[in-house]
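Chain residues, written in single-letter form:
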Amino acid sequence: MRLRNISGARDAIAESPLVVHEPESLKGRWQERFGNDHPIRIEIGMGKGKFIHELAGRNPRINYIGIEKYSSVLLRGLQKMEAEPCSNLLFIRMDAEEIGEIFAPEEVDRIYLNFSDPWPKDRHAKRRLPSREFLERYDKILKKDGVLEFKTDNRALFDFALEELPAAGWEALKVTFDLHHEEEMMRDNVMTEYEEKFSSQGNPIYKYIIKR
Ligand code: SAM
């Protein structure tokens, strides 16, 4: 979802107090930054941020961090926050490949991946956010009993994500090939921008919840 460069996006982000500019300096100290001891949950590839912003509003006793690679996309999240601020939500602009530099072992309580880029060419498989290479990175920062939740409408990416689990030492707690018709898994579901778009076109939404 790389929008064309919005002019001034980098400047707006640089000036925003909602964006953490030197996130590596907070490694192991994120709760201090939030000023409480609430758990920390992160969304990687948050896009325009509808999902994480809505979660933060619903759950004031959980701290959320939205991670997005591109300034032009992150800017949209910031605009939303300015309209409806949440003290339990921060943003980082970074490539998730460096996630181990930002969080200490077991500092993260839950990880969300939503409609991650599919990178369809085999030679780009390592760039897929649910790949075994990324699962290894998540393994280092996620609490022992923490879970990762992944949603997508892309069947090939979902099949790939399921196949990666055993090699990376993870296992599925819940799997659905039609989230929107699973009453129990839909109970607390928060729709992302992509989920709204693709489900309204009749596409099934796939989801897993995994642990080590
Ligand atoms: N999660 C949103 C949703 O469901 O509506 C956005 C989905 S969009 C297809 C994927 C987003 O992930 C894009 O905004 C992209 O820039 C971001 N992204 C992809 N790879 C990333 C990475 N390695 N680190 C951080 N963000 C990434």
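Since the model is a prediction, treat every value here as computed from it, not as a measurement. (Residues numbered from 1 in each chain as written. Predicted model: local features only at pLDDT ≥ 70, side-chain atom pairs only at ≥ 80, totals over all residues. Heavy atoms only, no water.)

Draft legend 1. Looking closely at the pattern of salt bridges. In this structure the tally under the stated criterion is 16 salt bridges. Between Glu196 and Lys50 there is a salt bridge whose closest N-O contact spans 3.6 Å. On the criterion of sequence distance, the pair formed by Glu196 in helix H8 (residues 193–200) and Lys50 in helix H3 (residues 50–58) is long-range, its members being 146 residues apart. The partner of Glu149 in a salt bridge is Arg110, with the nearest N and O atoms 3.3 Å apart. One end of the pair, Glu149, is in strand E5 (residues 142–152); the other, Arg110, is in strand E4 (residues 108–114), with 39 residues separating them in the sequence. Given the relative accessible area of 12%, Glu149 is considered buried. Each of Lys50, Glu54, Arg58 and Glu196 takes part in one network of salt bridges that share partners. (Salt bridge = Lys/Arg side-chain N within 4 Å of Asp/Glu carboxyl O. Helix = DSSP H or I, 4+ residues; strand = E, 2+ residues; numbered from the N terminus. Buried < 20%, exposed > 50% of the residue type's maximum accessible area, 1.4 Å probe, protein only.)

Draft legend 2. Broad picture of the sheet that holds strand E7 (residues 206–211). What the seven strands build is an open sheet, ordered E3-E2-E1-E4-E5-E7-E6; its pairing is mixed. In the strand order of this sheet, the two ends are held by strand E3 (89–93) and strand E6 (171–176), each with one partner. For this sheet the average axis-to-axis angle between neighbouring strands, irrespective of direction, equals 20°. Both strand E1 (residues 40–44) and E4 contribute to a ladder of four bridges, which runs parallel. Bridge pairing in E4 places Arg41 opposite Arg110. Across the sheet, helix H4 (residues 71–83) is in contact with strand E2 (63–68) and E3; its angle to E3 comes to roughly 165°. (Pairing = 2+ DSSP bridges. Axes fitted to C-alpha atoms, helices over the stretch in contact; angles between N-to-C directions. Contact = heavy atoms within 4.5 Å.)

Draft legend 3. Representation of the domain arrangement of the protein. For the protein, the domain assignment lists domain 1 (1–101) and domain 2 (105–212). Each of domain 1 and domain 2 has a C-alpha centre, and these two points are 20 Å apart. Roughly 2100 Å² of surface becomes buried between domain 1 and domain 2 when both sides are summed, with 58% attributable to carbon and sulfur atoms. Across the pair Asp109 and Arg41 runs a salt bridge whose closest N-O atoms are separated by 2.6 Å. Partitioning the side of domain 1 that touches domain 2 into residue classes produces 12 nonpolar, four polar and 10 charged. (Domains from an automatic or database assignment. Buried area = accessible area lost by both parts, 1.4 Å probe. Nonpolar A, V, L, I, M, F, W, Y, C, P; charged D, E, K, R; others polar.)

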